[in-house]
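# Summary of structural features
For reference, the chains in residue letters:
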Amino acid sequence: MTETSSDLREKMVRLPKVDLHRHFEGSIRFETFLELVLPQDLPLPTRDPALLRRLVQVLPDEPPNFTNFLAKFAWLHTMYATPDVYGRIMHEVVEDAARDGVVHLELRLSLRHLTRHKGFAMPDVLGWLHSARLDAEKRFDISVALIPMLNREAPRELCEQIMRAVIDQPDGVIAAVDLAGDELNFPVPPVADLFDAARRRGLGITIHAGEAREAAIIDRCLTTYRPTRIGHGVHATDDLRTMRRLTDEGITLEVCPLSNIQTGAVADLRTHPLKPLRDAGLAVTVNTDDPNIQGTCLSMDYAAAITSIGLTLDDLRQMNSAAAEAAFLPRDQKRKLLARVKAGW
């Protein structure tokens, strides 16, 4: 009997998975968005739920486009009207991941957007999210790492403010920092010193690069920010020298196949560079990016890697273990995570 796509997805759900690249705001349930936004006195362009969905989700009739994808975040920061909202959304995001079989989740946080609506202090927001994270970890039997981001297009003073809030957190609150945002127009902003400060604090470094632009951007980001991981990096295949450098430096790529199609970073799953990157010996992992903007989950990315990209279940097993190895976790927690994912596969 031939295995159907739904059967394969269910098989993927049952496997313990690691998601290294998921955005907090891109994981919010649409129903929660409506519940929190509609009662507020906001200048929404519409109050029709069907039309509002188009503002915050990529729908099947929309052509792939990186700028359009980023635009889906514009209204998502308006939900945070009270402190308890942060905890509620954290619980829902972690619950959704756990239901999909994710046992370790790394969440990107845009403090720029999470504090914009009501002007809550960044340290307070981080504290609320951390407290909710600890509760959700226990409730859903999952580990969660928080990774605040600097935005490429943000003013320097805002980036400094974000990094100060991050570095001042007690040990164990923040796992790493990231650089994300408009790679097309702000590829390598001058914030290397801020990442140096994070590194001295003992935080991990991961950088979005090579998603919307050429392989040369990956090289520049490696030299400028010295990360151990690269978010996306799909255009590395454009340049053999870049691929060799990624291999030589032991950089892990956080690839998000279904997202890459919706942003237009890759034209088609059947030509997706995930398999060539793996075949070349790079440390490659499979992740979600923004599941509730995309209408996806990690099990769907895993299933697509088999049905459309040409990877095997054993390939995914090895890549999932590589994701556990690259997780921003203390050594003892990483050892437990590795044992858990290997036993489950």
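Residues numbered from 1 in each chain as written. Predicted model: local features only at pLDDT ≥ 70, side-chain atom pairs only at ≥ 80, totals over all residues. Heavy atoms only, no water.

## Some remarks on the packing of aromatic side chains
Operational definition: Ring pairs shown here join Phe, Tyr and Trp side chains whose ring centres sit within 6.5 Å, with only the six-membered ring taken for Trp; geometry is labelled stacked below 30 degrees between planes, edge-to-face above 60, and tilted in between. Strands here are runs of E lasting at least two residues and helices are runs of H or I lasting at least four, both read from the DSSP assignment and numbered beginning at the N terminus.
Within the structure shown, the criterion is met by seven aromatic pairs. Seen from their ring centres, Y80 and Y86 are 4.7 Å apart, and the 20° between their planes marks the pair as stacked. Relative to Y225, the ring of F195 lies with its centre 5.2 Å away and its plane at 55°, an arrangement referred to as tilted. Placement of the pair is F195 in helix 9 (residues 192-200) and Y225 in helix 10 (residues 215-225), with a sequence separation of 30 residues. Here a set of aromatic residues connected by ring pairs shows up, and it is made of Y80, Y86, F120 and W128.

## With respect to the sheet that holds strand 1 (residues 17-23)
Our working definition: Pairing between strands requires that DSSP locate at least two bridges from one strand to the other. The angle between two axes is taken between their N-to-C directions and runs from 0 to 180 degrees, where each axis is a line fitted to C-alpha atoms and a helix contributes only its stretch in contact. Residue contacts are counted whenever heavy atoms from the two residues lie within 4.5 Å of one another.
Taken in spatial order, the eight strands line up as 1-2-3-4-5-6-7-8 in an open sheet, and their pairing is parallel. Two strands close off the open sheet at either side, each with one partner strand: strand 1 and strand 8 (283-286). Between one strand and the next, the sheet's axes are offset by a mean angle of 25°, whatever the strand orientation. Both strand 1 and strand 2 (residues 102-109) contribute to a ladder of five bridges, which runs parallel. Within strand 2, the position partnered with D19 by the bridge is L105. Strand contacts of helix 10: strand 4 (176-180), strand 5 (204-209) and strand 6 (229-232), with the helix running at about 155° to strand 5, the strand carrying the most contacts.

## Concerning the environment of R340
Operational definition: The rule is simple: take the accessible area with a 1.4 Å probe, protein chains only, and divide by the maximum for that residue type; under 20% is buried, over 50% is exposed, in between is partly exposed.
Of note, R340 is situated in helix 17 (residues 331-344). The exposure class of R340 is partly exposed, given its relative accessible area of 32%. When the C-alpha atoms of R340 and S321 are compared, they prove to be 9.8 Å apart, with 19 residues separating the residues in sequence.

## Details of helix 2 (residues 30-37)
Counting buried positions over the eight residues of helix 2 gives six, a clear majority of the element. Listing the buried residues of helix 2 in full gives F30, T32, F33, L34, L36 and V37. Elements in contact with the buried residues of helix 2: helix 3 (49-56) and helix 5 (83-99).

## Some remarks on unusual backbone geometry
A positive phi is found at D141, a non-glycine position, where the angle reads about 55°. Of note in the backbone geometry, R226 takes a positive phi value of approximately 55° without being a glycine. If you trace the backbone, R226 turns up in the loop between helix 10 and strand 6.

## Topic: the packing of helix 16 (residues 313-326) against helix 17
This is how the line gets drawn: When describing relative orientation, an angle under 35 degrees is termed roughly parallel and one over 145 degrees roughly antiparallel, while 65 to 115 degrees is termed roughly perpendicular and anything else oblique.
With their axes 9 Å apart at the nearest point, helix 16 and helix 17 run at an angle of 170° to one another. Considering the angle they form, helix 16 stands roughly antiparallel to helix 17. When helix 16 is examined against helix 17, the residues N320, S321, A324, E325 and A326 are found in contact with a partner set consisting of K334, L337, L338, V341 and K342.

## Details of the pattern of salt bridges
Put simply, the rule reads: Salt-bridge detection follows one rule: a side-chain nitrogen of Lys or Arg within 4 Å of a carboxyl oxygen of Asp or Glu.
Taken as a whole and assessed by the stated rule, the structure comprises 28 salt bridges. Notably, a salt bridge pairs D19 with R22, separated by 2.9 Å at the nearest N-O pair. Accessibility expressed as a relative area gives 0% for D19, which makes it buried. Notably, a salt bridge pairs D178 with R108, separated by 2.9 Å at the nearest N-O pair. Note that D178 is positioned in strand 4 and R108 in strand 2, a separation of 70 residues in sequence. In this structure, D178 and R108 share a single accessibility class: buried. It is possible to trace a salt-bridge network through shared partners that takes in R29, E35, R88, E92, E95, D96 and R99.

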